[in-house]
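# Secondary and tertiary structure notes
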Amino acid sequence: MKNTYFVYANSNPLSQEIKEKILVSLKDDYVLDEENPSLVISVGGDGTFLRAVRKYIDKLDNIVFTGIKTGKLGFLCDFSSDEYQTFISLLKDGKCNISSHRLVSLKSPYFSSYFVNEARVEKIFDTLTCDLYINDEKIETFRGNGFNVATSLGSTAYNRSLGGPLIHPDIEGLILGEIAPINHNVYGSITSFVLLRKDDKITLKGNFKGTFIGGDTVYQTINDDINSEIVITLSDKKVQFAHFKEMRYYDKLKMSYVKGSK
Ligand code: NAP
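Here is what the cut-offs are and how they apply
- Every chain is numbered on its own, with residues counted from 1 as its sequence reads.
- Local features in a predicted model are, by the rule used here, given only for residues with pLDDT of at least 70; side-chain atom pairs are given and counted only at 80 or more, and totals for whole chains, interfaces and linings are based on all residues.
- The basis for the side-chain values is all heavy atoms of the structure; hydrogens and waters are excluded.
- Going along the chain from the N terminus, every DSSP run of H or I of four or more residues is numbered as a helix, and every run of E of two or more is numbered as a strand.
- Just to be clear, the radius of gyration here is over C-alpha atoms, and the globule rule we use is 2.2 Å times residues to the power 0.38.
- The buried label applies to any residue whose accessible area, calculated with a 1.4 Å probe on protein chains only, is under 20% of its type's maximum; exposed applies above 50%, and partly exposed to all values in between.
- Only heavy atoms enter the contact rule, under which two residues are in contact if any of them lie within 4.5 Å.
- For the accessible areas, the method is Shrake-Rupley and the probe is 1.4 Å, while residue cover comes only from the protein chains on display.
- All tallies of charge rest on Lys and Arg as positive and Asp and Glu as negative; His and the ends of each chain are not included.
- Charge placement uses NZ in Lys and CZ in Arg. For Asp and Glu, CG and CD serve respectively.
- Note that the domain bounds reflect an automated or database-derived domain assignment.
- Summed over both partners, the accessible area (1.4 Å probe) lost when two parts come together is defined as the buried area.
- Any Lys or Arg side-chain nitrogen located within 4 Å of an Asp or Glu carboxyl oxygen qualifies as a salt bridge.
- Throughout, the arc means the angular range of directions from the helix axis out to the C-beta atoms.
- Buried residues of nine kinds, namely Ala, Val, Leu, Ile, Met, Phe, Trp, Tyr and Cys, make up a nonpolar core once their side-chain atoms join them within 4.5 Å.

The next point concerns the overall build of the chain. The secondary structure content of the chain amounts to five helices and 16 strands. Here the chain has a C-alpha radius of gyration of 20 Å; the compact-globule value for 262 residues is 18 Å, and the two agree. Across its three principal directions, the C-alpha atoms of the chain cover 65 × 40 × 35 Å. Expressed as a percentage of its 262 residues, the buried residues of the chain come to 47%. Of all intrachain contacts in the chain linking residues separated by at least 6 positions in sequence, the fraction that spans at least 24 positions is 71%. Summing over all exposed atoms, the chain offers an accessible surface of approximately 13,000 Å²; the carbon and sulfur share of this is 48%. Of note, the chain has its 32 positive side-chain charges centred 3 Å away from the centre of its 33 negative side-chain charges.

Domain boundaries in the chain define domain 1 (4–96 + 244–257) and domain 2 (103–237). Put simply, the middle of domain 1 and the middle of domain 2, counted by C-alpha atoms, are 30 Å apart. With both chains or domains summed, domain 1 and domain 2 bury close to 1,300 Å², and 66% of this area falls on carbon and sulfur atoms. Contact with domain 2 buries area across many residues of domain 1, yet L50, R54 and Y249 alone supply 45% of it, more than any other trio. On the surface where domain 1 and domain 2 come into contact, there are zero salt bridges.

Another point: helix α3 (residues 84–93). Among the residues of α3, Y84, F87, I88 and L91 are the ones counted as buried. End-on, the buried residues of α3 take up no more than an arc of 100°, which puts them together on one face. Projecting away from the buried face of α3 at angles above 90 degrees are the exposed residues Q85 and D93. Along its buried surface, α3 packs onto α1 (13–26), β2 (30–32), β3 (39–44), β4 (64–69) and β5 (79–80).

In this structure, L106, V121, L204, I230 and I232 are the most contacted members of the largest nonpolar core, which totals 24 residues. Of all the elements in the fold, those that place two or more residues in this core are β6 (97–107), β8 (118–122), β9 (128–134), β10 (137–151), β11 (174–181), β13 (201–207) and β16 (227–243). The leading source of residues in this core is β9, at four residues. Residue contacts for I230: discarding those within four places in its chain leaves L106, K107, S108, V121, I202, T203, L204, F208, I213 and I222. L23, L26, Y84 and A242 belong to the second-largest nonpolar core, a separate cluster that totals 20 residues.

Right, dumping it as structure tokens:
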């Protein structure tokens, strides 16, 4: 039986061109199946990769993902656009390593989902006040813009811009980061990033009216003016990456973030 695949490309003309070339190159060996692909090839940047995963969020057990980057950063992508022919040959060879990464789960009465990079609870113009619990123990009453809870894999994304640490993606855990905490003698908070163990549970309790909750490329605004709870944990749900060539994490870090290293 032939393998099934789908190409998820953004609207960039180069992405569309590469998508067409992939469709032609794979037409005799693979079956295009948007509903139930076993392989999803993302063509674009990291945002495109995240949207590709989101499209199949309920079918992740049966799918492996790989990315070809066109422009911008593409930290989650193994191939650049000019390597697309190499990608096709390696894909047809069929040898690949699979890496899998646990997603972060956010559960609330309003919106619940799983995310590759991070779960966010964030208010922008006026401040959010809520209680932070770790494993049901109250840590602080927080006041500020909110929280970013990143996976190790997502540590290079929003977490990095907030000043958070980069964590090797093989380390299972969550990075709890406060966003713009107001820190004085009434609302004192941790302020440092906290690396949580894989089984730790974060609970936020308060009135979240006007707060955005979500993660990766999706979010929702809470409109209810009542107290509620948001629970964030490392999920057992995983995203699987197919690596058709060796990707060394520290090389990737260097190429992506150290000026002059290509
Ligand atoms: P976007 O605002 O259009 O792009 C955000 C940037 O984050 C892009 O440069 C993207 O890379 C990069 N990125 C995404 N995931 C990454 C990862 N795992 N490692 C390194 N860089 C990564 O948003 P988007 O394209 O819809 O992507 C959503 C993600 O953006 C969220 O998960 C969040 O982490 C991130 N974000 C970052 C900030 C910030 O840094 N201030 C603010 C909001 C959201 P590409 O250029 O390759 O797409």
